[in-house]
Amino acid sequence: MDTNRLSKTIEAALNAQMTREAHASQIYLSYACWADKKGYGGIANFLFRHAEEERNHMMKIVQYILQRSGTVKVVAIPAPDSDPTNVNDCFEKVFKSEIENTAEIYKVVNLSHDERDWATWNFMQWFVKEQIEEEALALKLLAKIEIAGGKGASGDALYNLDRDLGVTPDEEKSAEDATAANP
Ligand code: FEO
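Note that the structure is a prediction, hence the values are computed from the model and not measured.

Here is what the cut-offs are and how they apply
Residues numbered from 1 in each chain as written. Predicted model: local features only at pLDDT ≥ 70, side-chain atom pairs only at ≥ 80, totals over all residues. Heavy atoms only, no water. Helix = DSSP H or I, 4+ residues; strand = E, 2+ residues; numbered from the N terminus. Contact = heavy atoms within 4.5 Å. Salt bridge = Lys/Arg side-chain N within 4 Å of Asp/Glu carboxyl O. Buried < 20%, exposed > 50% of the residue type's maximum accessible area, 1.4 Å probe, protein only. Phe/Tyr/Trp six-rings, centres within 6.5 Å; stacked < 30°, edge-to-face > 60°. Lys NZ or Arg CZ within 6 Å of the ring centre and 35° of its normal. Core = buried A, V, L, I, M, F, W, Y, C linked by side-chain atoms within 4.5 Å. Expected span 1.5 Å × (residues − 1). Polar contact = N/O pair within 3.5 Å; in protein donor to acceptor, adjacent residues only side chain to side chain. Axes fitted to C-alpha atoms, helices over the stretch in contact; angles between N-to-C directions. Parallel < 35°, antiparallel > 145°, perpendicular 65-115°, else oblique. Left-handed = near helix turned anticlockwise from the far one by under 90°. Nonpolar A, V, L, I, M, F, W, Y, C, P; charged D, E, K, R; others polar.

Asks: Tell me about the overall build of the protein chain, and name the residues and values.
Replies: Per the secondary structure count, the protein chain includes five helices and zero strands. N-terminal to C-terminal, the α/β element order of the protein chain is α-α-α-α-α. Structurally, the protein chain occupies a C-alpha span of about 65 × 45 × 20 Å along its principal axes. Considering only contacts within the protein chain whose residues lie at least 6 apart along the sequence, 78% involve residues at least 24 apart.

Asks: Break down the pattern of salt bridges for me, citing the residues and quoting the values.
Replies: This structure, assessed with the given rule, holds eight salt bridges. Note that glutamate 176 is salt-bridged to lysine 129, the shortest N-O span being 3.6 Å. Of this pair, glutamate 176 sits in the segment after helix 5 (155-166) while lysine 129 sits in helix 4 (residues 118-147), and the two are 47 residues apart along the sequence. Residue classification places lysine 129 among the partly exposed positions, given a relative accessible area of 34%.

Asks: An account of the packing of aromatic side chains is requested, with residue identities and associated values reported.
Replies: How two aromatic rings sit relative to each other is given by the distance of their centres and the angle of their planes. Here the structure, examined in full by the defined rule, presents five aromatic pairs. Ring centres 6.2 Å apart and planes at 45° place the aromatic pair tryptophan 34 and tyrosine 40 in the tilted group. The structure contains a cluster of three or more aromatic residues connected by ring pairs, namely Tyr64, Phe123, Trp126 and Phe127. For lysine 60, the ring lying beneath its charged end belongs to tryptophan 126, and the centroid distance is 4.6 Å.

Asks: Before we move on, could you go through the nonpolar core and cite the residues and values that matter?
Replies: Counting 24 residues, the largest nonpolar core has Leu47, Val87, Phe91 and Leu161 as its most contacted members. By size, the runner-up hydrophobic cluster in this structure holds 18 residues, among which are Val62, Ile65, Ile105 and Val108.

Asks: Give me helix 4: which residues, what numbers.
Replies: The end-to-end C-alpha separation of helix 4 is 44 Å, in line with the 44 Å expected for 30 residues at 1.5 Å each. Directly beyond the C-terminal end of helix 4, a positive phi value near 115° is found at glycine 149.

Asks: Lay out helix 3 (residues 87-114) in plain terms, naming residues and giving numbers.
Replies: In a regular helix each residue adds 1.5 Å, so 28 residues correspond to 40 Å; helix 3 covers 41 Å between its end C-alpha atoms and thus fits that length. Residue asparagine 86 occupies the N-cap position of helix 3, its side-chain oxygen lying 3.1 Å from the main-chain nitrogen of asparagine 88. Arginine 116, located one to two residues past helix 3, shows a positive phi value of around 55°.

Asks: Which residues make up the packing of helix 4 against helix 5, and what values go with them?
Replies: Running from amino to carboxyl end, helix 4 crosses helix 5 at an angle of 155°, the nearest separation of the two axes being 9 Å. Here helix 5 runs roughly antiparallel to helix 4, going by the angle between their axes. As helix 4 packs across helix 5, the resulting crossing turns out to be right-handed. Residues Leu141, Lys144 and Ile145 of helix 4 lie in contact with helix 5, whose contacting residues are Leu158, Leu161, Asp164 and Leu165. Here the contact of helix 4 with helix 5 is built from residues that sort into five nonpolar, no polar and two charged.

In structure tokens:
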């Protein structure tokens, strides 16, 4: 008896997305190591924490595939791109990576909609919402580096930015939780 509640197409798409989240974790890990080696301890701390968050995203998909009686295929993770050239480049790469991940998540959502697999469609809505916050967080990084001087950021501005990011929360607040008193 076939107990798999996922179609072969959806199962493959979820496995691919699971690997992408692991890849995202490796990207943050490699940028964190780059930042630490450059002496940006706060930025490194922020990126190390985010590497763990991407690993959590991966695990959610692993658990979902297993719960639907599908098969998880653990495969090689592509190596991250080359190291950033400076902090501005690092944050631009982070933003680009998140935008690409959003596009891939939308593909899984579209597929589940096409197949009328409402369980997967519903599961993927968590990721749709999460990507709003992930992109907002990446945009905030870009705004901070812009204020600090963009590509030419240095001295006190870069020092303060680094210190700031060491204590920046992992999660961006959801727009749905905003109120007039607490925007
Ligand atoms: Fe798992 Fe940063 O998206």
